[in-house]
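Fold and geometry: a report
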Amino acid sequence: MSQDALKRAVAAAAIDEIRPLLTADAVIGVGTGSTANCFIDALAAYKHDFRGAVASSEATAQRLKDHGIEVFELNHVGSLPVYVDGADEINARLEMIKGGGAALTREKIVAACAERFVCIADASKRVEVLGGFPLPIEVIPMARSYVARELVRLGMTPVYRDGVITDNGNQILDCFDALFEEPARTEAELNNLVGVVTNGLFARRPADVLLLGTESGIERHTR
């Protein structure tokens, strides 16, 4: 089965997972990326079953609107019953690296407001230790060089993602050459650097459910 087919399969499984939460007044959180796009496409068939969605990026908001799903500002909604998103890497504790699409800050905000976080991923994203995928860090533009020097001091190799501006008007440093044995501790340490908006470690708020697409079917993992 191709990777695209696995993504479509986990998207369909996510619909089954959240169907009980799709009530007339429900507003759900929707993530960003290729797997999340498959979920949005599958969700469109049920758009009359729930009120709408909060998007974690402008691209996601546009895709939702294109399917006729109403998009709400998070400030006007409050808590969400569920957030569905993909991952660039995920471990056995359902801690993740996210942000390959440069939407990490909004993804982290929406995840924090969700009662339940459902991660959808293909088997290639499951790892023993996070860090094979470069860790994205969103930075205030004027602080980019300072933050890069601090990351080098911490043993990482930061690379400026040239030409990428986030939906928040910031820049991305991708950090190579680091493995994260204690992701929650590292997440907090990096977020304490002046000029960092947030980093792509999702360990302090991991997923609650992982739907993993494999060659033998969908695996469901919980914390």
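All values derive from a computational prediction rather than experimental measurement. (Residues numbered from 1 in each chain as written. Predicted model: local features only at pLDDT ≥ 70, side-chain atom pairs only at ≥ 80, totals over all residues. Heavy atoms only, no water.)

Topic: a nonpolar patch on the surface
In plain terms, the rule: Like charges are joined within 9 Å and nonpolar side chains (Val, Leu, Ile, Met, Phe, Trp, Tyr) within 5 Å, but only among residues with over 30% relative accessible area and no salt bridge; these make up the patches. Areas reported here follow the Shrake-Rupley algorithm with a probe of radius 1.4 Å; residue values treat only the protein chains shown as occluding. Should a side-chain nitrogen of Lys or Arg be within 4 Å of a carboxyl oxygen of Asp or Glu, the pair is scored as a salt bridge. The secondary structure listing takes helices from DSSP runs of H or I that are at least 4 residues long and strands from runs of E that are at least 2 residues long, numbered from the N terminus. Exposure is judged per residue with a 1.4 Å probe applied to protein chains only, and the accessible area is read against the type maximum: over 50% gives exposed, under 20% gives buried, and values in between give partly exposed.
A cluster of nonpolar residues, I140, M142 and V197, forms a patch on the protein surface that exposes about 310 Å² of accessible area. Positionally, V197 belongs in strand β10 (residues 196-199). When its relative accessible area of 32% is taken as the criterion, V197 is described as partly exposed.

Brief notes about the environment of L104
This is how it is decided: It only takes one pair of heavy atoms within 4.5 Å for two residues to be counted as in contact.
Along the chain, L104 falls in helix α4 (residues 104-112). Once the C-alpha coordinates of L104 and Y160 are considered, the two residues, 56 residues apart in sequence, prove to be 16 Å apart. Discounting residues that sit within four places of it in the chain, L104 has contacts with K98, G99, P136, I137, E138, I172, T198, N199, G200 and F202.

Description of the nonpolar core
What counts here: Buried Ala, Val, Leu, Ile, Met, Phe, Trp, Tyr and Cys residues that are joined via side-chain atoms within 4.5 Å together make up what is termed a nonpolar core.
By size, the foremost hydrophobic cluster in this structure holds 26 residues, and its most contacted members are I18, I28, V30, F39, L43, V84 and I120. For this core, the secondary-structure elements that each account for two or more residues are α1 (3-18), β1 (27-30), α2 (34-43), β2 (52-55), α3 (58-66), β6 (117-122) and β12 (209-214). When residues in this core are grouped by element, the largest group, six residues, is from α1. Leaving out residues up to four positions away in the same chain, I28 has contacts with I18, L22, F39, L43, F50, G52, A53, V54, L80, P81 and V82. One finds L74, A87, A121 and L212 within the second-largest nonpolar core, a separate group that totals 20 residues.

Regarding the packing of α1 against α2
Note the cut-off: For helices, the fitted axis covers only the stretch in contact; all axes are lines through C-alpha atoms, and the angles between them, taken along N-to-C directions, range from 0 to 180 degrees. Angles below 35 degrees are treated as roughly parallel, those above 145 as roughly antiparallel, those between 65 and 115 as roughly perpendicular, and all remaining angles as oblique. When the near helix sits turned anticlockwise from the far one by under a right angle, the crossing is termed left-handed; a clockwise turn instead gives a right-handed crossing. The classification used treats Ala, Val, Leu, Ile, Met, Phe, Trp, Tyr, Cys and Pro as nonpolar, Asp, Glu, Lys and Arg as charged, and all other residues, Gly among them, as polar.
Two elements in contact, α1 and α2, have axes separated by 8 Å at closest approach and are oriented at 55°. When the axis of α1 is compared with that of α2, the two are oblique. Where α1 crosses over α2, the two elements pack in a sense that is right-handed. On the side of α1, the interface is formed by K7, R8, V10, A11, A14, I15 and I18, while α2 contributes S34, T35, C38, F39, A42 and L43. Here the residues of the contact of α1 with α2 are counted per class, giving nine nonpolar, two polar and two charged.

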